[in-house]
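Inside the fold
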Amino acid sequence: IIPRGDTVLQRNDHVYFITQKENIDAIVNIFGKKKKTIEKIMIIGGTGLSFETAKILESTYRLTLIEKEKTICKRFAEQLNNTTIIHGDPSNIDLLREEGLEMMDAFLALTPNSEINIITSLTAKKNNVYKTIAQVENSEYIHISQDIGVDTLINQKLIAANNVFRFVRKGQIKAITSLHGVDAEIIEFELTKNNRITKKPLREIRFPEKALIGGVIRGEESIIPDGNFQLQLNDKVIVFVLPESIGKVEKMFR
């Protein structure tokens, strides 16, 4: 749903907000959520993705990485400077608990096996781990991700496809992403020439009903526009759009 002023939120809705950074805490408070500081993270799997993730995160967080292949553990131990490497089966729930699963703030399941990743993430959630992320190969899992209890599912094929779409779609597209489990996209367009959408305030533009301009980046400034806002040349425009309106939106930014 692209919400309008008369949209009424219902129980079990998943709501996506766009906000300036300084207002994140206020939004979290409105919904009665508590902000959690992430300090300790457990990663399972000895894949290339696991290694690159640990390499990026280990300078900021306390990492524990579990992998069943001894040679991979040895290589990771040699190349990672501040990550605890555990040789063991990542699918062994008892092992995960022994290595402090209940004390973790986040759990990243990055093994090559989608089912193991989902099951262990659900187990982490049951053990009160605040944030769970699972890599899945089957894109069908993405569409049920909102219901199975894992916070975030990632699919490398979809991530690659989103990057490819940048080049095959019309208009000056800077970035594109899909919302997991939702038939909608977030597209960032760059206005490289003056056209009809720069001539009038947003309220006077016949923008598709199934699309919404959520934000504008103008130079170093990030803006959440209202109906009186007028787009300018070189603005980066972030649009939420449902599939049936993608063509219309692309045409407007061409």
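See the structure above.
Bear in mind that the values here come from a model prediction, so they are computed numbers and not experimental data.

Here is what the cut-offs are and how they apply
- Residues numbered from 1 in each chain as written.
- Predicted model: local features only at pLDDT ≥ 70, side-chain atom pairs only at ≥ 80, totals over all residues.
- Heavy atoms only, no water.
- Helix = DSSP H or I, 4+ residues; strand = E, 2+ residues; numbered from the N terminus.
- Buried < 20%, exposed > 50% of the residue type's maximum accessible area, 1.4 Å probe, protein only.
- Contact = heavy atoms within 4.5 Å.
- Areas by Shrake-Rupley, 256 points an atom, 1.4 Å probe, with all protein chains shown as cover.
- Patch = residues over 30% accessible without salt bridge, like charges linked within 9 Å, V, L, I, M, F, W, Y side chains within 5 Å.
- Salt bridge = Lys/Arg side-chain N within 4 Å of Asp/Glu carboxyl O.
- Lys, Arg positive; Asp, Glu negative; His and termini not counted.
- Charge placed at Lys NZ, Arg CZ, Asp CG, Glu CD.
- Core = buried A, V, L, I, M, F, W, Y, C linked by side-chain atoms within 4.5 Å.
- Pairing = 2+ DSSP bridges.
- Right-handed = clockwise from strand over helix to strand, strands pointing away.
- Arc of directions from axis to C-beta.

With that settled, the discussion passes to the overall build of the chain. Summing up its helical and strand segments, the chain has 8 helices and 11 strands in all. A total of 254 residues make up the chain; the buried ones form 41% of that total. Partitioning the contacts of the chain with sequence separation of at least 6, the portion at a separation of at least 24 is 55%. Accessible surface for the chain amounts to roughly 15400 Å². Of this, 50% is attributable to carbon and sulfur atoms.

On the surface, Lys193, Arg196, Lys200, Lys251 and Arg254 cluster together into a patch of positive charge. Structurally, Lys193 can be placed in the loop between β8 (185–190) and β9 (211–218).

If you look at the biggest cluster of nonpolar residues, it comprises 19 residues, and the most contacted ones within it are Leu231, Val239 and Phe253. Elements with a minimum of two residues in this core: β8, β9, β11 (236–241) and α8 (246–253). Element by element, the count of residues in this core is highest for α8, at 4 residues. Ignoring anything within four residues of it in the chain, the contact list for Leu231 reads Leu191, Ile197, Thr198, Leu202, Ile213, Val216, Arg218 and Val237. Membership of the second largest hydrophobic core comes to 18 residues, among which are Ile44, Ile86, Ala134 and Val150.

Moving on, we get to the pairing of strand β4 (residues 106–109). Covered by surrounding structure in β4 are Ala106 and Leu108 together with Phe107 and Ala109, the residues of both alternating faces. The sheet contact formed by β4 and strand β5 (residues 131–135) spans 4 bridges and is parallel. Residue pairing in the sheet places Ala109 in a bridge with Ala134 of β5. Taken together, β4, helix α5 (residues 114–126) and β5 constitute a β-α-β crossover, and its handedness is right-handed.

We now examine α8. Listed in full, the buried residues belonging to α8 are Ile246, Val249, Glu250, Met252 and Phe253. One side of α8 carries all its buried residues, which in axial view fall inside an arc of 160 degrees. Structural note: α8 exposes Lys248 and Lys251 on the side pointing more than 90 degrees away from its buried face. Lining the buried residues of α8 we find β8, β9 and β11.

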